[in-house]
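Examination of the molecular architecture
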Amino acid sequence: MKKLVILISGRGSNMEAIVRACASEGWPAQVAAVIANRPDAAGLAFAASRGIATAVVDHRQFPDRDSFDAALAEQIDIFGPDLVTLAGFMRVLTARFVDHYAGRMLNVHPSLLPSFPGLKTHQQALDAGVRLHGASVHFVTSQLDHGPIVAQSAVPVVAGDTAATLAARVLATEHIIYPRAVRWFVEGRLALEDSRVTLTPPEPQWLFAGHTAGEGA
Ligand code: GAR
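Residues numbered from 1 in each chain as written. Predicted model: local features only at pLDDT ≥ 70, side-chain atom pairs only at ≥ 80, totals over all residues. Heavy atoms only, no water.

Under an unreviewed UniProt entry, the name given to the protein chain is Phosphoribosylglycinamide formyltransferase, and the organism recorded is Paraburkholderia susongensis. UniProt's Catalytic activity (unreviewed entry) comment on the protein chain is quoted here verbatim: "N(1)-(5-phospho-beta-D-ribosyl)glycinamide + (6R)-10-formyltetrahydrofolate = N(2)-formyl-N(1)-(5-phospho-beta-D-ribosyl)glycinamide + (6S)-5,6,7,8-tetrahydrofolate + H(+)". Reading the Pathway (unreviewed entry) entry of the UniProt record for the protein chain gives the comment "Purine metabolism; IMP biosynthesis via de novo pathway; N(2)-formyl-N(1)-(5-phospho-D-ribosyl)glycinamide from N(1)-(5-phospho-D-ribosyl)glycinamide (10-formyl THF route): step 1/1." (UniProt positions renumbered as here; feature names shortened; annotations may be inferred.)

A look at the overall build of the protein chain
The secondary structure content of the protein chain amounts to six helices and 10 strands. For the protein chain, the C-alpha radius of gyration of 17 Å lies close to 17 Å, the compact-globule estimate for 217 residues. Referenced to the eigenvectors of the C-alpha coordinate spread, the extents of the protein chain come out at roughly 50 × 40 × 40 Å. The burial tally for the protein chain puts 47% of its 217 residues in the buried class. When contacts within the protein chain are restricted to residue pairs at least 6 apart in sequence, those whose partners lie at least 24 apart make up 62%. Split by element, the accessible area of the protein chain, about 10,200 Å² in all, is 54% carbon and sulfur. (Helix = DSSP H or I, 4+ residues; strand = E, 2+ residues; numbered from the N terminus. Rg over C-alpha atoms; globule rule 2.2 N^0.38 Å. Buried < 20%, exposed > 50% of the residue type's maximum accessible area, 1.4 Å probe, protein only. Contact = heavy atoms within 4.5 Å. Areas by Shrake-Rupley, 256 points an atom, 1.4 Å probe, with all protein chains shown as cover.)

Regarding the UniProt feature "domain: Formyl transferase N-terminal" (unreviewed entry) in the protein chain
Sequence positions flagged by UniProt for "domain: Formyl transferase N-terminal" (unreviewed entry) are, in local numbering, residues 2–182. Across residues 2–182, helical content stands at 36% and strand content at 24%; the span's end C-alpha atoms are separated by 11 Å.

Regarding the packing of aromatic side chains
For the structure shown, the criterion picks out four aromatic pairs. Lying over the aromatic face of Phe68, Arg91 brings its terminal NZ or CZ to 5.4 Å of the ring centre. (Phe/Tyr/Trp six-rings, centres within 6.5 Å; stacked < 30°, edge-to-face > 60°. Lys NZ or Arg CZ within 6 Å of the ring centre and 35° of its normal.)

Things to note about unusual backbone geometry
Each neighbour pair has its own omega, and for Leu113 with Pro114 the value is 10°, a cis peptide bond. Note on placement: Pro114 falls in the loop between β5 (105–109) and α5 (121–128). Across the junction of Thr200 and Pro201, the peptide omega takes the value -10°, indicating a cis bond. Relative to the helices and strands, Pro201 resides in the loop between β9 (196–199) and β10 (206–208). One non-glycine residue, Phe116, lies in positive phi territory at about 55°. With respect to the helices and strands, Phe116 occurs in the loop between β5 and α5. For Asp145, which is not a glycine, the phi torsion comes out positive at approximately 55°. Its location among the elements puts Asp145 in the loop between β6 (132–139) and β7 (149–156). Given a relative accessible area of 12%, Asp145 falls into the buried group.

Structural notes on the sheet that holds strand β4 (residues 83–86)
In space, the eight strands of this open sheet follow the order β3-β2-β1-β4-β5-β6-β7-β10, with mixed pairing throughout. Only two strands of the sheet have a single neighbouring strand rather than two, namely β3 (53–56) and β10. With direction set aside, neighbouring strand axes in the sheet form an average angle of 15°. In this sheet, β7 lies alongside β6 in antiparallel orientation, the contact comprising seven bridges. Bridge pairing in β7 places Ser136 opposite Gln152. (Pairing = 2+ DSSP bridges. Axes fitted to C-alpha atoms, helices over the stretch in contact; angles between N-to-C directions.)

Here's what the structure looks like:
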């Protein structure tokens, strides 16, 4: 049984998708804990309601990134995770922290990486005029929003889109590709070679999601 620790900062809808898929699909894994860097992270209530251990390591209580990351790693390691998943965890992590979880930490980012790292990715996509946007699940490296890509989803950008409509369209696909990628990890099907990810046995590591009727033009 693999152990997962999920880190959140807010709503936690990706965490919820992982928790639900883990239970309903009978993964050889258990969500051991959900940890937030904000005491008001809404997702903590869902985790607690499912009987999952929760913890808060409030970044505002620490003078710098090094001390926060050290305390966070200490809290995470109490649960002995095989995999740490960042699910809307909005903190830049130090190289030391990232190295500690090398090869066992995944993130979901709301863009087709390597396009649009950082914040406000949906507005970045609108400003750039791209016709396809999406999300990426990747192994975390010390370079922000970079790292070997496990899965990607693509959605169209349609007339009248705003950052909010685009975010909703992308988020719906995150809820599909992120649990799928975590499942591949816990099933031991992912291998890292030269910064590229191989899935064995292979299956599509992408998702194309058209927009639904009534949504945009
Ligand atoms: C998601 O869209 C996720 O991709 C994004 O924050 C949102 C969190 O939603 N993450 C990042 O931007 C990280 N760079 P959630 O809390 O409902 O899962």
